[in-house]
Structure formats: structure tokens, C-alpha cells
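Residue-level structure breakdown
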Amino acid sequence: MALAGAIVKKSIRWVEQKGRQVKIPSVQQLETLNGLLKKAEKTAFGKHYDFGRIQSQDTIQAFQEKVPIHDYDKMFDEWWHKSLHGQLDVCWPGKTKYFAVSSGTTGAATKYIPVTHEMLKAMQLVAWRMFTCLPKYDVPSHIFTKDWLMIGGTASLNFNGHCQTGDLSGILAKQPPIWLRKFYKPGPKAAKITTWEERLDYIAKNAHHWDIGIVTGTPSWIQLTLEKIIEYQHLDNIHQIWPNFGVYVTGGIAFEPYRKSFEKLVAQVPIYQDSYLASEGFLGYQQRPGTNAKHLSINNGIFFEFVPFNDAHFDENGNIKPDAKALTIEQVEEGVDYALLLSTCAGAWRYLIGDTVRFTNKALCEIIITGRTKHFLSICGEHLSVDNMNQAISHVENELNIEILEFIVGAVKSGSHFAHRWYVGTKEPTDEQRLKFLLDEHLKKVNDDYAVERSAMLGDLELEVIPLQWFYDWQSATGRLNGQSKIPRVMKGEAFESWESFVRQKQRGGA
């Protein structure tokens, strides 16, 4: 088996070296856009926006001038709903057999994102490219022949008479890539278990039968899974039954807030590799050690555009303005936050995905995710992002030696002004006043605008420490306890009011 692992590792390294980019990013992106336009020119969308004529002109400029920017509501209401109900050739040729269902933390309560055959192939290719980067991390050879634990939503899909709908992870779990099927755990049958609690019980009971080398999944759900296994199997740490666990592929949300608590569950810290997988596509992955940035998948069925995330292009609620201008990959600058637009082989066109990113290395097309277009607080110009919040939380954890796994922030009235109100979930008893003071101080350090407004229009930070379990109870109560959904860090309006009502009910002893 050791020899087999060495052969696999050597083969992967050869594939990775052969697959390195030879074309500059702007050329790859232009070729990608041309390919998408050519493929979709006879669809209803392609005819409406005259894709044939766009290709005969300066392609990118004509595309941006002719095709408007779409948010989810515009894309679904005008186009995607037709594919969901069986119409052919709407935004992409043929029939769309799958729609990924996203519970949505902003906008529509439930979102249906098309997943085409071409997009599934593209996602599998990016997953393979990510896998071929592992030898750069000096991963031990034997890891490559061990099992993979993949935690996501249920693979039990719903059929609406025209197509199947469900979690993206469930759609992907129905047919794992050929090279992964032998190693995939908990296995296709277990992945079809519909409820998260039952699926978690199955994993905990069967964990000792597997020889896990690689774990993939959202940090919060991986944390819960490993804790459940350790409790059920009466372990001190997960390496007592999985001694070969050496790689954790994370994604979905920032890992840093979970690092401290995660590393209490292991005997040896694994190699971390970050990914950027969304319902709209496999957008990027960490391709090298020494960075937490992710390389954008620029040559695999996705054309990227970047809208500067500032007051010139977005209003105070995070809505994109009608006259917003998008940049291409050669026009971006490092250190600037951009909202992402995607045009994809699943029939998304100039689609505002809702994420904001920042280039850390333009030459390598590497970005970090800084937040969401609607998950930020700027009541009076403080422009506080989720990235700022995560940084401040990490500092507080280290200073107080505590674990803050979940938090939710919203804006509230404070006299004649406004303030930020935080709900923080910890496992340990915590000095609430000290936590509040340190958090406020670190937010001032990571965000100059916040520091200025705290001395002027923004009231004192408000904070409540609540049981960590309440965050998961809230997910269960809202139908989001499924191994894939994420707790929104920022809530606004009715969503925040609903959350606070839930907390008050808990405090009164409600179920």
C-alpha cells in the first residue's frame, strides 16, 4: 500500500506540472467568454441579447454593454424559472436536470440555482486540479490511498416533474468522480439520509470502520461531526480511530474562527487546504502552501467580472446601482474589495453572486473572500465587513483564551444614534464586559472607518454571550440544520428581529 501511495503521489505531481497555465489570465478569460457565448447563442437568452452579434465585435465590451447585470431575483424571475419548469434552451442549451437549492441568507428565502451537465464536469475538473496540488504540501504518500470523509447536505433529491432539486453537495454526492468513488465516505447510501441528525448518528456509529486520510466540509459542520464521533466512540481525539487523517479541505465560511476549537479535536494538526465552492460553480481553491488565498478557476467555464465594492457602485443596503461598472481580470488591483459577477456554463449571465473578494496576488489570480455584498454594517459610514469581524474575533479568542465558534451582528437604535449589537456563542464561561471591550478595540484597529465613527455617530458596542447550542437550535427551527447551511454573520431588518425574538424566547425558557 505504501508503494501504491508513492506511485499515486508521483502521478499526481506529474499531472499538476503538465496542467500549469501557459496562457495569461486575460487570454484565458476571453477564450472562456467566447466559448460560453458560442455555446449559448441559440438559447432564448442568447437570442434576446444577440450573442451572435456580440461575438463579431469587441467581445467583452459588447457583452458588458448589451447584457445587464443580474441579481438572483432578476435572473430567476425572467429566465431560470422557465428551466425549473422543464423548458428547454432557456439560458443554456438543452434541459437543466438539476437545480441546487440554497436556503439563502439574503434575498429570496429559497434559491434555485441551475446545475448543468457541463457545470458538473467543470466542478469535477476543478476538484481534480485542487487534488493535484496536494504534493506541494508535502503530504505523506500513504494519504493518497486512504478514505475521504465528505460532509454536506443530503443526497436525497426532490423531483418536481421536470428536474431534481436539492443541496449542491447532495447533487455532487449522487455521482462522485470515478477517481474518488472507492474512497468516498460515508458513502452514497448514507448520504441519502434526509435528516442531519440521523446522518450524523450513522457517521458516528460507523466511523471506526473507516481509515480516513482526508476530510472535506464546512468548518462548523465538520466540528460538530468530529465532536459527535469522539463522544460516541469514547475518544480523546479523532486520531485515535483515524491515525492517517492528514488533510482537511475546508470551505464555505472562514476557517480561522474555528481553528482553535478544531485543533483540540486532533492529536496532529492536519494540512489545511481551502476551497471556494458555491452553488453557481467551483470558483477557486488554494493551490499552494504559505497563503490562505484561493486561485480563481479562470479556464473552466466561468467568466469573471469585478465591481468595486464602494459607495459609487452599491447603495447603503448592498444593492448594486444601475450604472455600476464592472472590471475584467486584467483591470483589477490588489487590496481592493470587489463584488463578483459570474457568467457560467450553467446559464448564469453577469450574475451577482453576492460575495466580495480581494486580490492578494494578481499575477497568480489569488483572492480572499472578504464578505457578502449585503453582509456588512455601514449605518453611518463605518463599512465593517465580515472579514474585519473575523479578524477581531480571532484576536479576542487569543487574548481571552476562549473559543468563539459562532456570532451574529445587527444594527440597533441607541438613543438618537445607532449601535452594533453582537450575539456571541462560546463554550467556556466568559467575562462578557471584558469580551465586549476587547472586541470593540480590535474592530477599531482593523477598520479605520469604524474607529472614526465610534468616536462620533456610532454608539457603544452592545454584546450578549449566549449558549453556542442556540445558534444550531435556530438553524433547526428555520429548516437549515442540514450539514451545508451557514449561519449569517450579519443580519438586517426583519431577519435580525426574528433572530432576537428567538433569543428572547430561549432566555424565557422556551423550546
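Above: the structure in question.
Residues numbered from 1 in each chain as written. Predicted model: local features only at pLDDT ≥ 70, side-chain atom pairs only at ≥ 80, totals over all residues. Heavy atoms only, no water.

1. Thoughts on the overall build of the protein
Regarding its fold elements, the protein presents 18 helices and 20 strands. For the protein, the spread of C-alpha atoms along the three principal axes comes to 65 × 65 × 45 Å. In the protein, the share of contacts with a sequence separation of at least 24, taken over all contacts with a separation of at least 6, comes to 68%. Counting only carbon and sulfur atoms, one obtains 50% of the accessible surface of the protein, whose full area is about 21,900 Å². Side chains of the protein carry 57 positive and 58 negative charges; the gap between the two charge centres is 8 Å. (Helix = DSSP H or I, 4+ residues; strand = E, 2+ residues; numbered from the N terminus. Contact = heavy atoms within 4.5 Å. Areas by Shrake-Rupley, 256 points an atom, 1.4 Å probe, with all protein chains shown as cover. Lys, Arg positive; Asp, Glu negative; His and termini not counted. Charge placed at Lys NZ, Arg CZ, Asp CG, Glu CD.)

2. Some details on the nonpolar core
Counting 76 residues, the largest nonpolar core has Phe45, Phe51, Trp80, Phe304, Phe306 and Trp349 as its most contacted members. The dominant element in this core, judged by the number of residues it contributes, is helix 7 (residues 117–131), at seven residues. If sequence neighbours within four positions are ignored, Phe304 has contacts with Gln29, Leu283, Leu296, Ser297, Ile298, Leu340, Leu341 and Leu342. With 46 residues, the next largest nonpolar core counts Ile212, Ile222, Val412 and Phe471 among its residues. (Core = buried A, V, L, I, M, F, W, Y, C linked by side-chain atoms within 4.5 Å. Buried < 20%, exposed > 50% of the residue type's maximum accessible area, 1.4 Å probe, protein only.)

3. Some remarks on the environment of Arg129
Its place among the elements puts Arg129 in helix 7. In this structure, the C-alpha to C-alpha distance between Arg129 and Ser297, residues 168 residues apart in sequence, is 9.6 Å. Residue contacts for Arg129: discarding those within four places in its chain leaves Tyr285, Asn299 and Asn300. One polar contact links Arg129 to Asn299, side chain to side chain, over a distance of 3.1 Å. (Polar contact = N/O pair within 3.5 Å; in protein donor to acceptor, adjacent residues only side chain to side chain.)

4. Things to note about the sheet that holds strand 18 (residues 404–414)
An order of 18-19-20 is seen for the three strands of this open sheet, with the pairing classed as mixed. The open sheet terminates on both sides in strands that have one partner only, identified here as strand 18 and strand 20 (462–467). Neighbour-to-neighbour, the strand axes of the sheet open up by a mean angle of 20°, direction not taken into account. Note: strand 18 against strand 19 (residues 417–426), 10 bridges, orientation antiparallel. Looking across to strand 19, one finds that Val412 is bridged to Ala419. Strands strand 18 and strand 19 of the sheet are contacted by helix 14 (residues 386–400), whose axis makes an angle of about 120° with strand 18. (Pairing = 2+ DSSP bridges. Axes fitted to C-alpha atoms, helices over the stretch in contact; angles between N-to-C directions.)

5. Considerations on helix 11 (residues 196–206)
When we look at burial in helix 11, the residues that qualify are Trp196, Arg199, Leu200, Ile203, Ala204 and Asn206. Looking at the packing, one finds that the buried side of helix 11 touches helix 10 (188–191) and helix 12 (219–232).

6. A closer look at the sheet that holds strand 8 (residues 247–250)
Within the open sheet, the 11 strands sit side by side as 6-3-7-8-9-10-11-15-14-13-12. Their pairing is mixed. The sheet is open, and its two borders are formed by strand 6 (184–185) and strand 12 (302–308), each paired with just one other strand. Pairing analysis gives four bridges linking strand 9 (residues 271–278) to strand 10 (residues 281–285), with the strands arranged antiparallel. Bridging across to strand 10, Ser275 finds its partner in Tyr285. Together, strand 3 (147–150), strand 7 (212–216) and strand 8 form the strand contacts of helix 12, whose direction differs from that of strand 8 by roughly 140°.

7. Some thoughts on the packing of aromatic side chains
A full pass over the atoms with the stated rule returns 32 aromatic pairs. Taking 6.2 Å as the distance between ring centres and 80° as the angle between the ring planes, the aromatic pair formed by Phe63 and Phe303 counts as edge-to-face. Of this pair, Phe63 sits in helix 5 (residues 59–66) while Phe303 sits in strand 12, placing them 240 residues apart in sequence. When the ring of Phe306 is compared with that of Tyr338, the centres are 6.2 Å apart and the planes differ by 70°; the resulting orientation is edge-to-face. Taken as a pair, Phe306 in strand 12 and Tyr338 in strand 13 (residues 337–344) lie far apart in primary sequence, 32 residues in all. Since its relative accessible area comes to 3%, Tyr338 is described here as buried. An aromatic cluster is built from Phe45, Tyr49, Phe51, Phe63, Trp79, Phe303 and Trp349, whose rings are joined through pairwise contacts. (Phe/Tyr/Trp six-rings, centres within 6.5 Å; stacked < 30°, edge-to-face > 60°.)

8. Things to note about the pairing of strand 2 (residues 111–115)
Burial of strand 2 is extensive: four of the five residues sit out of reach of the surface. Direction of pairing for strand 1 (residues 98–102) relative to strand 2: antiparallel, over a ladder of five bridges. Bridged to Ser102 within strand 2 is Lys111.

9. Some details on the pattern of salt bridges
What the rule picks out here adds up to 26 salt bridges. With a shortest N-O distance of 3.2 Å, Lys444 and Glu441 are connected by a salt bridge. With Lys444 and Glu441 both in helix 15 (residues 432–446) and three residues apart, the pair spans about one turn of that helix. The exposure class assigned to Glu441 is partly exposed, which follows from its relative accessible area of 28%. (Salt bridge = Lys/Arg side-chain N within 4 Å of Asp/Glu carboxyl O.)

10. Topic: the environment of Gly170
One can find Gly170 in helix 8 (residues 168–174). We classify Gly170 as buried; its relative accessible area is 0%. Along the backbone, Gly170 and Ala204 are 34 residues apart, and their C-alpha atoms lie at a distance of 19 Å. Apart from residues lying up to four places away in sequence, Gly170 is in contact with Gly153, Thr154, Ala155 and Leu157.

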